[in-house]
Amino acid sequence: MKKQKIGDLTANEIRDVDRKELKVKLESYLANVMHTTFERATAEELYKGLATVVNGQLADQRMEFNRKRIHNHRRKDTSKKIYYICMEFLLGQSLKNHLYNLGETEMVEEILQERDMTLEQIYDCEPDAGLGNGGLGRLAACFMDALTADGYDATGYSLCYEYGLFKQMIADGWQMEVPDNWLPGGRVWLNAREDDSFKVKFYGDYHEYWEDGRMKYNLEHVQEVEAIPYDMFISGADSKAVNKLRLWLAKDWDGFDMASFNSGDFTKAAQRTNSAEMITKVLYPADNIEEGKELRLKQQYLMVSASCQNIVRDQYAIYGTLDNFEKNTVIHINDTHPALCVPELMRIFMDDYGYSWDDAWKKVVGTISYTNHTVLAEALEKWNEGLVQSMLPRIYSIIQEIDRRFKEEMNTRVFPGDWGKINYMAPLGEQKVHMANLAVIGSHHINGVSALHSDILKEDLFHDFYLWVPERFTNVTNGIAYRRWLCQSNPALASLLDETIGSSYRHKYEKLRDFAEFKDDASVQAEVEKIKRENKVRLGKLIKERNGIDVDPDSLFVVQAKRMHEYKRQLLNALRIISRYQMLRNDPTIDMRPETYIFGAKAAPSYYLAKHFIQLIVKLGQEINNDPVISQKLKVVFLENYSVSVAEKLMPATEVSEQISLAGKEASGTGNMKMMINGAVTMGTLDGANVEIREAVGDENIFIFGQKAHEVEQNLREGYRARDYYEQNDLLRDAVDALEYGFAGESFSNIKSYLLDPSYSIADPYMCLKDFDDYCKVHQELQDAYEDRARWNSMSIVNIAEAARFAADRSIDDYAKWIWHTKPIV
Ligand SMILES: *Cc1c(COP(=O)(O)O)cnc(C)c1O
């Protein structure tokens, strides 16, 4: 603590005053709302009390920040307003993050000491805000954190799902989904703004006609839904900025269908209300897979329409005109889920503000930018034209006109007569609305999320667009909220960094690189090793509590934690573990360091194969962990309900980060970055951001195996035959055959036939068998390196240091500079 004099008080004295003030606020909340006292309050009550007090502090700070925002646009806008729209924000818990950002952690710790309570006990009372599936939603949350820490004027828009991502329970190896009713504990962070709602129109009878040389239309008998905003404050570390995440909740417009009710049809009245309120009832639990359900489209349009109306109204209120809209406004769409922003903004500009098509189009393309998140064919969004036309008739008509003009321009100016290309690029085709094409056509910039992924966009998925407008395509590699994933989750490592390189890295991510200078310092190496071991012990306790398994803190901790998906290849990891198991069964006396394999993964509820992969890992674990001899050297742990709060406990204890997707399929990955910054060494393919991790740490500090992305493409073109690899490699054949005999009484012959002779598609479509041999060899190299403790600790230090470039702050710098053309306001 700095001994700084402020007025007559020292910093410590000010903190005393602040602490007393905070406690008085807490006590008054406990008395007035909870009807209890500080001395008697339960942990749950203290959590709600603290959250309410902190929320109030953020509200005060937000008022201050609003003054700065107003001042900024009075100065004729040196910067733009950023609106970040995404169907998912996977925030996790907030109290710990806000206390850290406000610098109040110690203060609250002291207050709780009076009750013999720890902060952890209070944090454990907060449910995760699980309003997202995985990487995409977590990225949006990390970006809001960085935008705020760095002083940008930014608003996030999403939906207020009453139920977030399901909670996972495992029963006899099988995933069960339990509803995530997060609002009872989570609502303390939501500030309802019923006064600021917007109407969103669905369905209706739509007729176009011409009058005075202009197209006009009638739209009658629409279903109107009210979108009510629930605002959450976003804080940033020691930042003057407090931003907002605005979550829309759907409500029937009149609250109730009185006409039906009065005429005695109660059921119909209740149904209408229910159907509106169903829209934001639950998050779709599918990650990287397209659902195509009517309700999902309704969710998308509700979010898009309410957000766009809100943005345009606010900008008009500030400037009194929309003529400079695109100069003052950034609208960023995270993936194609909000791509209806393109026609919706056109509708607002033309229908509500009287702009011509050409003027409106210039504004739309001047404002919107789009991040692509996947090249997987099964994840690219396409909506049935008929569905869009009936649910959103005016929007559909605008999409048709975008499509008509686009095709005309391509045919006259860009690819004359090349209808193969033109149809492939168009928003409409084969009775579908192609959302990625719509997003590209309506955006001034399109970016991928790692260098490799952005190259694939240019060379493959969006190649024809790239030929047309190359200047629109760019890359912004993903990043993580490193204060959450390092400073808050791994305080011991953060303290070691403070001692070695000073604490400035907590604000300037580049400074973290200074830690690399200590890579050969024996005492720092020893510290890093000690901290890792303590974190492993702590995780071991959690595993004991949750799974009843004893893990050895001196075993090697190998972690693969991410959504369960074929392309991520948890199956490849499992096959290798089976092979280790068979090796030990053949010779239990082998002298080796014990190995602990830890998995965390949710499967989409309807993704049966993924659920079978989970079952395989759990059953394999059961068999291995219950074998008194084998379990001395091998353990397999499946951590239930992988989520942000579980990840925060897992990352600091990870030693080997498994990032083994089939090259070309993982757009970036961010789990790889979280593990790296906690000192884990990557075992990975050259996919997504792994490529850049390798560039950052150098070949000697990472373990890379398997086909490269272009080799995958070539091998698939030339005809991949999985069975050849099965027949040629004895270890692999034994592992695959073992699937049939099964584990802990459960056969996995379905997975064996998936790998060798499926009834559909090609065998082993993600090429686990082809990469198996190299995976095993390189894994052995990694494990040999681990036994040279000085070498391993030095690798660990380099990984921590070079994770600097994967700070979300760096990603936001890139977006601001290359795409949004704006800067911070404080
Ligand atoms: C970071 C994170 C992810 C993304 O992990 P990847 O390995 O990049 O797929 C998914 N889920 C949670 C809870 C996360 O925190």
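Chemist: Would you mind showing me how to read the overall build of the protein here?
Modeler: Within the protein, the regular secondary structure consists of 34 helices and 27 strands. The globule rule puts the C-alpha radius of gyration for 826 residues at 28 Å, and the 28 Å found for the protein is close to it. Each of the 826 residues in the protein was classed as buried or not, and the buried ones make up 60%. Contacts spanning at least 24 positions in sequence make up 76% of the contacts within the protein whose residues lie at least 6 apart. Entry remark: accessible area of the protein is about 32300 Å², with carbon and sulfur atoms responsible for 48%.

Chemist: Before we go on, may I ask you to explain helix α12 (residues 341-352) in this structure?
Modeler: Residues lying three or four places apart along an α-helix face the same way, a consequence of the helix completing one turn every 3.6 residues. With twelve residues, α12 should cover 16 Å at 1.5 Å per step; its first-to-last C-alpha distance of 15 Å lies within 8% of that length. Where burial is concerned, most of α12 is hidden: ten out of the twelve residues are buried. Those residues of α12 that fall on the buried side of the exposure criterion are Cys341, Val342, Pro343, Glu344, Leu345, Met346, Arg347, Ile348, Phe349 and Met350. Positive phi shows up at Gly354, right after α12, with a value of about 75 degrees.

Chemist: In this structure, what is going on with the site of the ligand? I would like to understand it.
Modeler: What surrounds the ligand is a group of 14 residues, the closest being Lys562, Lys568, Thr670, Gly671 and Lys674. A distance of 2.7 Å separates an oxygen atom of the ligand from a polar atom in the backbone of Thr670. For the ligand, an oxygen atom lies 3.0 Å from a polar atom in the backbone of Gly671. Within the complex, 96% of the 390 Å² of free accessible area of the ligand lies under protein. A breakdown of the residues in the shell around the ligand according to their chemical character gives five nonpolar, six polar and three charged.

Chemist: Explain the sheet that holds strand β27 (residues 703-704) here, please?
Modeler: Sheet strands pair by backbone hydrogen bonding; their relative direction is either parallel or antiparallel. Strand order in this open sheet of six strands is β24-β23-β22-β25-β26-β27, and the pairing throughout is parallel. Two strands in the sheet have a free side with no partner beyond their single neighbour: β24 (634-639) and β27. Where strand β25 (residues 656-659) and strand β26 (residues 681-684) come together, four bridges link them in parallel fashion. Along β26, the bridge assignment pairs Gln659 with Gly684.

Chemist: I'm lost on unusual backbone geometry in this one. Help?
Modeler: Note: most residues except glycine have negative phi, and most peptide bonds are trans. A positive phi is found at Asp172, a non-glycine position, where the angle reads about 55 degrees. Counting through the fold element by element, Asp172 comes out in the loop between β7 (163-171) and β8 (174-181). You will see that Asp238, though not glycine, has its phi angle at about 50 degrees, which is positive. Structurally, Asp238 can be placed in the loop between β13 (223-235) and β14 (242-252).

Chemist: What exactly am I supposed to notice about the environment of Gly204 here?
Modeler: Following the sequence through the fold, Gly204 ends up in the loop between β10 (198-202) and β11 (205-211). Between the C-alpha atoms of Gly204 and Gln223, which are 19 residues apart in sequence, the distance is 6.9 Å. Setting aside residues no more than four positions away along its own chain, Gly204 makes contact with Leu219, Glu220, His221, Val222 and Pro393.

Chemist: Explain the environment of Trp357 to me, please; I cannot follow it from the model alone.
Modeler: The topology assignment puts Trp357 in helix α13 (residues 357-367). We classify Trp357 as buried; its relative accessible area is 13%. Taking C-alpha positions, Trp357 is 59 Å from Ser749, a pair spaced 392 residues apart along the chain. In contact with Trp357, other than residues within four places in its own chain, are Met346, Met350, Ile398, Glu401, Ile402 and Arg405.

Chemist: Explanation requested: the packing of α12 against α13 in the structure shown.
Modeler: Between two packed helices, what matters for the description is the angle formed by their axes and the separation of those axes. Between α12 and α13, the shortest axis-to-axis distance is 9 Å and the interhelical angle comes to 135 degrees. Considering their axes alone, α12 and α13 lie oblique with respect to each other. Of the two possible hands of crossing, α12 and α13 adopt the one that is right-handed. Contact with α12, carried on its side by Val342, Leu345, Met346, Phe349 and Met350, involves Trp357, Ala360, Trp361, Lys363 and Val364 of α13 and no other residues of that element. Of the residues contributing to the contact of α12 with α13, the split by class is nine nonpolar, no polar and one charged.

Chemist: Just to check I follow, could you spell out the packing of aromatic side chains for this structure?
Modeler: Where two aromatic rings form a pair, the distance of their centres and the angle of their planes describe that pair. Going through the model one piece at a time under the given rule, you end up with 25 aromatic pairs. A ring pair is formed by Phe202 and Tyr301, whose centres lie 5.8 Å apart and whose planes are at 80 degrees; its orientation type is edge-to-face. Linking Phe202 in strand β10 with Tyr301 in helix α10 (residues 294-319), this pair joins segments that are 99 residues apart in sequence. The pair formed by Phe202 and Tyr301 is uniform in burial state, with each residue classed as buried. Between Phe406 and Trp468, the ring centres sit 5.7 Å apart and the planes meet at 70 degrees, which makes this aromatic pair edge-to-face. Taken together, the residues Phe406 in helix α15 (residues 393-414) and Trp468 in helix α19 (residues 463-468) connect sequence positions 62 residues apart. The same class applies to Phe406 and to Trp468, which are both buried. An aromatic cluster of three or more residues is present, and its members are Phe406, Phe462, Phe465, Tyr466, Trp468 and Phe473. A cation over a ring is seen here: Arg472 above Trp468, with NZ or CZ 5.1 Å from the ring centre. For Arg576, the ring lying beneath its charged end belongs to Tyr775, and the centroid distance is 6.0 Å.

Chemist: So what exactly am I meant to see when it comes to a nonpolar patch on the surface here?
Modeler: On the surface, a cluster of nonpolar side chains totalling about 250 Å² of accessible area is made up of Met169, Met176 and Val178. Following the sequence through the fold, Met169 ends up in strand β7.

Chemist: Looking at this structure, I do not really get the nonpolar core. What am I missing?
Modeler: Note that soluble globular proteins tend to have their nonpolar side chains buried in a common cluster. Leu302, Phe462 and Phe515 are the most contacted members of the largest nonpolar core, which has 204 residues in total. Not counting residues up to four positions away in its chain, the partners in contact with Phe515 are Leu496, Leu497, Thr500, Ile501, Val524, Val528, Ile797, Ile800 and Ala801. Ala286, Val636, Tyr720 and Ile751 belong to the second-largest nonpolar core, a separate cluster that totals 76 residues.

Chemist: Sorry, what's going on with the sheet that holds strand β18 (residues 428-429) here?
Modeler: Strand order in the open sheet formed by three strands is β17-β19-β18, and the pairing between neighbours is antiparallel. Lying at the two open borders of the sheet, with one neighbouring strand each, are β17 (382-384) and β18. Here β17 runs beside strand β19 (residues 432-434); their pairing, made up of three bridges, is antiparallel. Of the residues in β19, the one forming a bridge with Asn384 is Lys432.

Chemist: How do you make sense of helix α1 (residues 11-32) when you look at a structure like this?
Modeler: The terminal C-alpha atoms of α1, which comprises 22 residues, lie 31 Å apart, in line with the 32 Å expected from a rise of 1.5 Å per residue. Elements that come into contact with the buried residues of α1 comprise β2 (9-10), α2 (43-74) and α4 (105-113).

Chemist: Mind showing me how you'd approach the pairing of strand β12 (residues 214-220) here?
Modeler: Two faces belong to every sheet, and in a regular strand the side chains alternate between them. Bridge count for β11 against β12 is seven bridges, and the pairing is antiparallel. The residue of β12 that forms the bridge with Tyr206 is Leu219. Hairpin connection of β11 to β12: two residues between the antiparallel strands, including Asp212 at a positive phi of 50 degrees.

Chemist: Can you walk me through a negative patch on the surface in this structure?
Modeler: On the surface, a cluster of negative charge is contributed by Asp455, Glu459, Asp460 and Glu713. If one sorts the elements of the negative patch by residue count, helix α18 (residues 451-461) sits on top with three residues. With respect to the helices, strands and loops of the structure, Glu459 is situated in helix α18. Take Glu459: its relative accessible area is 60%, and that puts it in the exposed class.

Chemist: Looking at this structure, I do not really get the pattern of salt bridges. What am I missing?
Modeler: Close approach of charged atoms lets side chains of opposite charge pair. Here the structure, examined in full by the defined rule, presents 58 salt bridges. Residues Lys25 and Glu21 are paired through a salt bridge, measuring 3.6 Å at the closest nitrogen-oxygen approach. One end of the pair, Lys25, and the other, Glu21, are both in helix α1, four residues apart, so they sit about a helical turn from each other. For Lys216, the salt bridge identified is with Glu211, shortest N-O distance 3.2 Å. Take Glu211: its relative accessible area is 37%, and that puts it in the partly exposed class. One salt-bridge network, in which partners are shared between bridges, spans Asp196, Asp231, Lys244, Arg246, Arg313 and Asp314.

Procedures and definitions
- Residues numbered from 1 in each chain as written.
- Predicted model: local features only at pLDDT ≥ 70, side-chain atom pairs only at ≥ 80, totals over all residues.
- Heavy atoms only, no water.
- Helix = DSSP H or I, 4+ residues; strand = E, 2+ residues; numbered from the N terminus.
- Rg over C-alpha atoms; globule rule 2.2 N^0.38 Å.
- Buried < 20%, exposed > 50% of the residue type's maximum accessible area, 1.4 Å probe, protein only.
- Contact = heavy atoms within 4.5 Å.
- Areas by Shrake-Rupley, 256 points an atom, 1.4 Å probe, with all protein chains shown as cover.
- Expected span 1.5 Å × (residues − 1).
- Near = heavy atom within 4 Å.
- Polar contact = N/O pair within 3.5 Å; in protein donor to acceptor, adjacent residues only side chain to side chain.
- Nonpolar A, V, L, I, M, F, W, Y, C, P; charged D, E, K, R; others polar.
- Pairing = 2+ DSSP bridges.
- Axes fitted to C-alpha atoms, helices over the stretch in contact; angles between N-to-C directions.
- Parallel < 35°, antiparallel > 145°, perpendicular 65-115°, else oblique.
- Left-handed = near helix turned anticlockwise from the far one by under 90°.
- Phe/Tyr/Trp six-rings, centres within 6.5 Å; stacked < 30°, edge-to-face > 60°.
- Lys NZ or Arg CZ within 6 Å of the ring centre and 35° of its normal.
- Patch = residues over 30% accessible without salt bridge, like charges linked within 9 Å, V, L, I, M, F, W, Y side chains within 5 Å.
- Salt bridge = Lys/Arg side-chain N within 4 Å of Asp/Glu carboxyl O.
- Core = buried A, V, L, I, M, F, W, Y, C linked by side-chain atoms within 4.5 Å.
- Lys, Arg positive; Asp, Glu negative; His and termini not counted.
- Charge placed at Lys NZ, Arg CZ, Asp CG, Glu CD.

Any link to function would need more than the numbers given here.
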